[in-house]
Amino acid sequence: MSTEAYPLKAKEKLIEEQNAKPPVATSPQKATSVIGVSKRFGKTSVLEDITFDVAEGEALVLLGASGSGKTTILRIIAGLDQPYTGKVVLHGRDVTELPARERGVGVIFQSYALFPKMTVEKNIGYGLRIRKRKRKEIRQTVNDLLQLVQLEDHRKKYPSQLSGGQQQRVAIARTLAYNPEVLLFDEPFGALDTQTRVHLRREIRALLRKVNVPAIFITHDQEEALELGDRVAVINKGHIEQIGTPFEIYNTPATEYVATFLGAANLLDAVVRKSFLEVGNAHLPANLDQEKFKDGDCVKIVFRPEDVALSKTDFVRPDHHRIGTALVEEISFVGAYERVRVRLPKAGAEECALDDTSFYLTTETPDRQPAKSIIATRPKPEASTTRLSIGDRVVVAITSFTVLPLSEKKQV
Amino acid sequence: MRHVRGFDVVRPLSIGMLVFMMLPLVFLPLLSIFIFGTSNGLDKFWAALTAPEAVFALKLSMATSFWATVFNVLFGLFASYVLSRYNFWGRNALIVTISLPTAIPTAVAGFALLLLWGPYGTLGRFLAPQGIQIMFTAAAIILANIFVTFPLAFGVIKPVFDTMSRSLEEASATIGATRWQTFWHVTLPSLRGAIVSGALLTFARAVGEFGSTILVSGNLAGRTQTAPLYIFAKFNEGQIEAANAIAIVLALFSFLIFSVLFFARDWLDVD
């Protein structure tokens with residue numbers, strides 16, 4: 001068979017490479033490393049210098065909008081696409097030159113890609129049959145896996161007879177059969193309805209803890225990313241915007257994109273002064289990195305709707321930071337909380353004012369004044385004790401915020 | 001038309017009309033083969049059927065059709081794989097060319113083969129001095145059958161290839177299968193239905209082939225005479241019973257093949 005020639009060549013090449021230079025210096029707990037990977041289709045660059053590690057037993061989520069390049073990263077790790085530069089290292093073994101079938105990664109495709117003409121147990125045993133394992137061993141492994149994914153009663157069924165969740169479990173078991181180096185999930189819950197999705201998410205999380213195999217998930221759903229990942233990498237236009245724990249990503253976003261992609265975020269222009277930040281007429285205390293931010297720099301401050309405190313009186317709690325006075329413009333009830341949109345007039349800091357839109361602050365005053373919309377959310381108890389109505393004048397304060405340098409336009 | 005007390009008049013009328021129209025066009029001609037063939041008694045029919053030349057003609061038809069089918073199914077598989085997996089310049093031209101034999105009159109096909117392989121043909125004139133003679137042999141019949149049934153298996157298999165999800169093969173590769181293993185365990189099972197129906201179509205068409213066969217075979221009784229040629233020859237000699245016996249066999253045979261195609265559809269498609 002001519003196809004047999006290729007793996008031999010690839011293996012020889014690998015051996016040569018290992019003899020020529022010391023193996024890639026990655027610590028053993030790194031299960032998967034993607035190092036400086038870039039990818040082009042013709043002249044368009046779709047990935048640029050992607051670098052990250054996944055530790056043993058860790059779950060990393062690649063979060064990004066469609067077209068961000070996250071699927072391409074997954075396909076490069078699996079060996080279904082070739083990178084333009086960079087390499088992929090699995091447990092210390094450089095697999096960049098190896099074809100997909102020699103990498104030993106487990107891919108759970110979005111549509112699961114179960115073999116339609118094979119029963120559940122044949123699907124699960126496929127990897128071992130291909131590897132010419134003994135019949136007894138295959139039967140034993142398949143039994144164990146059927147038990148693990150709780151499909152013992154469905155072993156003789158065909159994929160078309162299973163529900164979406166069951167099919168997904170078969171797909172996972174099928175990869176676990178050959179002890180994959182890493183599990184790659186391509187939009188694993190895309191084809192399911194919301195309720196099943198939430199349920200399956202927890203199931204998979206529990207399963208992964210049990211088998212302790214590192215996993216990389218791809219999703220565009222931020223809630224899914226925060227819940228599934230030990231760490232989350234936010235991908236935008238082919239590069240990693242930020243990588244960190246869900247807590248870090250949500251609470252201290254590194255870029256404006258991250259801040260706005262993960263949930264609602266308010267952004268205000270600010271100027272860096274020696275020991276504080278100037279936001280309009282307000283001064284916010286800030287301990288800024290002197291290296292990164294210089295006096296007079298324009299920055300943005302980001303805060304979440306739940307970080308905003310609105311008060312009808314002039315009293316602001318000492319641990320809150322007063323921003324200014326605003327007009328209530330819209331109030332909507334969103335189940336667990338109330339969402340209030342207020343309009344904050346712009347004042348001062350003209351040197352940094354960038355994306356202002358002019359508004360008529362009230363219908364009574366005809367002067368157009370630049371103003372900024374701010375979204376605040378208030379939990380039920382607060383919403384019912386201090387009622388607000390449209391047109392109310394409120395004092396806006398924030399409990400916490402993150403400072404972002406002005407985003408340089410990244411060329412991709 | 002109107003509904004008369006919930007009774008749809010159009011329904012029985014249109015069904016009746018359909019059957020009535022088919023009577024002189026299809027049913028009666030077929031029926032008359034059987035009526036005529038058995039009118040002189042079953043023993044006469046059996047004698048006509050077991051005449052050495054008749055048996056030979058049937059066997060030759062089956063054998064040549066079989067080899068043409070084997071070739072065209074394998075070729076159809078290969079062509080479908082190449083033409084649905086790879087996109088290249090001239091791909092559509094190839095697809096059209098493969099499908100072309102459907103539209104060519106079979107006599108033209110036979111004539112074309114003669115002009116290529118015949119003793120004075122483009123290639124044949126170089127082969128004849130070597131003592132290689134292709135025309136007027138069983139090989140010529142197979143060649144003609146291949147030519148005429150060329151697009152049939154391809155036409156059934158290619159659409160299945162086109163709609164087959166690429167991720168099945170990718171999944172198989174990431175699991176660790178070689179290309180060959182993937183083809184054998186994943187791709188081929190999904191094509192089983194298409195292969196069987198493509199083969200049956202090809203075979204049925206090849207067994208009935210007349211126009212091209214009569215040109216390339218030489219129509220030598222007991223040597224290169226296929227079943228349809230036998231019918232034609234016996235009819236010309238005025239031996240209606242002999243022609244009729246074979247006609248009955250061929251009619252039953254195609255009836256059988258199309259029943260399988262029709263009633264085993266579910267089995268062929270799903271699982």
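Just above sits the structure.
Residues numbered from 1 in each chain as written. Chains lettered and ligands numbered in written order. Predicted model: local features only at pLDDT ≥ 70, side-chain atom pairs only at ≥ 80, totals over all residues. Heavy atoms only, no water.

Asker: Tell me what's going on with the side chain of B:Thr64, and back it up with residues and numbers.
Answerer: Residue and element names in this part refer to chain B. Counting through the fold element by element, Thr64 comes out in helix α3 (residues 52-85). Residue Thr64 is classed as buried on the basis of its relative accessible area, which comes to 3%. The contact partners of Thr64, leaving out residues within four places of it in the chain, are Ala138, Ile141, Ile142 and Asn145. (Helix = DSSP H or I, 4+ residues; strand = E, 2+ residues; numbered from the N terminus. Buried < 20%, exposed > 50% of the residue type's maximum accessible area, 1.4 Å probe, protein only. Contact = heavy atoms within 4.5 Å.)

Asker: Break down the sheet that holds strand β8 (residues 215-219) of chain A for me, with residues and values.
Answerer: Residues and elements named next belong to chain A. Across the sheet, 6 strands lie side by side as β6-β7-β8-β3-β9-β10; this open sheet has mixed pairing. Both outer strands of the open sheet, β6 (106-108) and β10 (239-244), are each paired with one neighbouring strand and no more. In this sheet, neighbouring strand axes are inclined to one another by 20° on average, regardless of whether the strands run parallel or antiparallel. Bridge count between strand β7 (residues 183-186) and β8: 4 bridges; the pairing is parallel. Note on β8: the bridge partner recorded for Leu183 is Ala215. Across the face of the sheet, helix α5 (residues 164-176) comes into contact with β6 and β7 while running at roughly 170° to β6. (Pairing = 2+ DSSP bridges. Axes fitted to C-alpha atoms, helices over the stretch in contact; angles between N-to-C directions.)

Asker: Please give an account of a positive patch on the surface that cites residues and values.
Answerer: All names here are of chain A. Taken together, the side chains of Lys122, Arg129, Arg135, Lys136 and Arg139 define a basic patch exposed on the protein surface. At the level of secondary structure, the elements contributing two or more residues to the positive patch comprise α3 (120-130) and α4 (135-148). When residues in the positive patch are grouped by element, the largest group, 3 residues, is from α4. Here Lys136 lies in helix α4. Residue Lys136 is classed as exposed on the basis of its relative accessible area of 67%. (Patch = residues over 30% accessible without salt bridge, like charges linked within 9 Å, V, L, I, M, F, W, Y side chains within 5 Å. Areas by Shrake-Rupley, 256 points an atom, 1.4 Å probe, with all protein chains shown as cover. Salt bridge = Lys/Arg side-chain N within 4 Å of Asp/Glu carboxyl O. Lys, Arg positive; Asp, Glu negative; His and termini not counted. Charge placed at Lys NZ, Arg CZ, Asp CG, Glu CD.)

Asker: Before we move on, can you summarise the environment of A:Leu344 with the specific residues and values?
Answerer: Residue and element names in this part refer to chain A. Here Leu344 is to be found in strand β17 (residues 337-345). Of the residues examined, Leu344 reaches a relative accessible area of 7% and is grouped as buried. Taking the C-alpha atoms as reference points, Leu344 and Ile323, 21 residues apart in sequence, are found 8.8 Å from one another. Not counting the four nearest positions on each side in its chain, Leu344 is found in contact with Leu268, Ile323, Gly324, Thr325, Ala326, Pro370, Ala371, Lys372, Ile374 and Val396.

Asker: Please give an account of the pattern of salt bridges that cites residues and values.
Answerer: Residue and element names in this part refer to chain A. Applying the stated criterion to the full structure yields 32 salt bridges over all chains. Linking Asp81 and Arg75 is a salt bridge whose minimum nitrogen-to-oxygen distance equals 3.2 Å. A salt bridge links Arg133 to Glu137; its shortest N-O distance comes to 3.4 Å. Exposure remark for Arg133: the relative accessible area of 37% places this residue in the partly exposed category. For Glu137, a relative accessible area of 35% translates into the label partly exposed. It is possible to trace a salt-bridge network through shared partners that takes in Arg201, Arg202, Glu223, Glu224 and Glu227.

Asker: Kindly report on the pairing of strand β13 (residues 282-285) of chain A, identifying the contributing residues and their values.
Answerer: Residues and elements named next belong to chain A. Only one face of β13 is buried, namely the one carrying Ala282 and Leu284, since none of His283 and Pro285 on the opposite face is buried. Inspection of the sheet shows strand β12 (residues 276-279) paired to β13 by 4 bridges, in the antiparallel sense. Looking at β13, one finds that Leu277 is bridged to Leu284. Where β12 folds back onto β13 in an antiparallel hairpin, the turn is made up of 2 residues, including Gly280, whose phi is positive at roughly 60°.

Functional significance is not addressed by these values, which are geometric in nature.
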